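Report on the structure
Single-letter residue listing:
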Amino acid sequence: MNALDTIDTAMLRILQQSGRISNAELAERVGLSPSACSRRLDILEKSGVISGYHAHLSQKALDYTMIAIVHISLSGQFAKTLAEFETAVKLCPNVLVCYLMSGEYDYILRVAAKDLADYERIHRDWLSALPHVVKINSSFALREIIDRPNVGV
């Protein structure tokens, strides 16, 4: 895709705030016809600039009141070891985010739990059972300061 112009950028800003906006309203807000807006949106989607549309759920409202930041060390950094771990960690429904890291730990996970007993279950049944794990270090978030789901454009 070519560089984003000011209209593309405006569309992305609006969509980050109002993902359910109608094409007609989006077109009006950026000064395009609905058909031109739809074509641009299609290009942004097909090029991968827009990777999807999602509802941002309240973990607290769903009774997930505990967030754990989990540091994982594996037995090695071989491609097969990493691939097996990554395949398995994707199956754990409580893992919200998983990053392959440089530095002291191999992976950092953000895990949602309902309470300490629920985290113990997740740790026992899921995290400890992940392949090639040799060390798990968990820290618990006391308070969320910012959860920015949008990237600046």
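What you are looking at is a predicted structure, and each value in this text was computed from that prediction instead of being measured.

**Some thoughts on the packing of helix α1 (residues 6-17) against helix α2 (residues 23-30)**
- The contact between α1 and α2 brings their axes to 10 Å, and the two run at 130°. What the angle tells us is that α1 and α2 run oblique. Where α1 crosses over α2, the handedness of that crossing is right-handed. Where α1 abuts α2, its residues Ile7, Ala10, Met11, Ile14 and Leu15 lie against Leu26, Arg29 and Val30.
- In terms of residue class, the contact of α1 with α2 is made up of 7 nonpolar, no polar and 1 charged.

**Details of the UniProt feature "domain: HTH asnC-type" (unreviewed entry) in the protein chain**
- Following the UniProt record, the feature "domain: HTH asnC-type" (unreviewed entry) maps to residues 4-65 here.
- Regarding residues 4-65, the helix share stands at 53% and the strand share at 0%, and the terminal C-alpha atoms are separated by 39 Å.

**Re the packing of aromatic side chains**
- Per the counting criterion, the structure on display carries 2 aromatic pairs.
- Measuring from centroid to centroid gives 5.2 Å for Tyr119 and Phe140, while their planes differ by 90°, and the two rings are edge-to-face. Here Phe140 lies in strand β4 (residues 133-140) and Tyr119 lies in helix α5 (residues 116-127), a separation of 21 residues in the sequence.
- Between Lys114 and the ring centre of Tyr64, over which it is positioned, the NZ or CZ distance is 4.8 Å.

**Remarks on the sheet that holds strand β1 (residues 66-74)**
- The strand order β2-β3-β1-β4 describes an open sheet built from 4 strands, whose pairing is antiparallel. Sheet topology places β2 (95-100) and β4 at the edges, where each strand pairs with a single neighbour. The average undirected angle you get between the axes of adjacent strands in this sheet is 20°.
- The pairing of β1 with strand β3 (residues 107-113) spans 7 bridges and is antiparallel. If you follow His71 over to β3, its bridge partner there is Ile108.

How each quantity is defined
- Residues numbered from 1 in each chain as written.
- Predicted model: local features only at pLDDT ≥ 70, side-chain atom pairs only at ≥ 80, totals over all residues.
- Heavy atoms only, no water.
- Axes fitted to C-alpha atoms, helices over the stretch in contact; angles between N-to-C directions.
- Helix = DSSP H or I, 4+ residues; strand = E, 2+ residues; numbered from the N terminus.
- Parallel < 35°, antiparallel > 145°, perpendicular 65-115°, else oblique.
- Left-handed = near helix turned anticlockwise from the far one by under 90°.
- Contact = heavy atoms within 4.5 Å.
- Nonpolar A, V, L, I, M, F, W, Y, C, P; charged D, E, K, R; others polar.
- UniProt positions renumbered as here; feature names shortened; annotations may be inferred.
- Phe/Tyr/Trp six-rings, centres within 6.5 Å; stacked < 30°, edge-to-face > 60°.
- Lys NZ or Arg CZ within 6 Å of the ring centre and 35° of its normal.
- Pairing = 2+ DSSP bridges.

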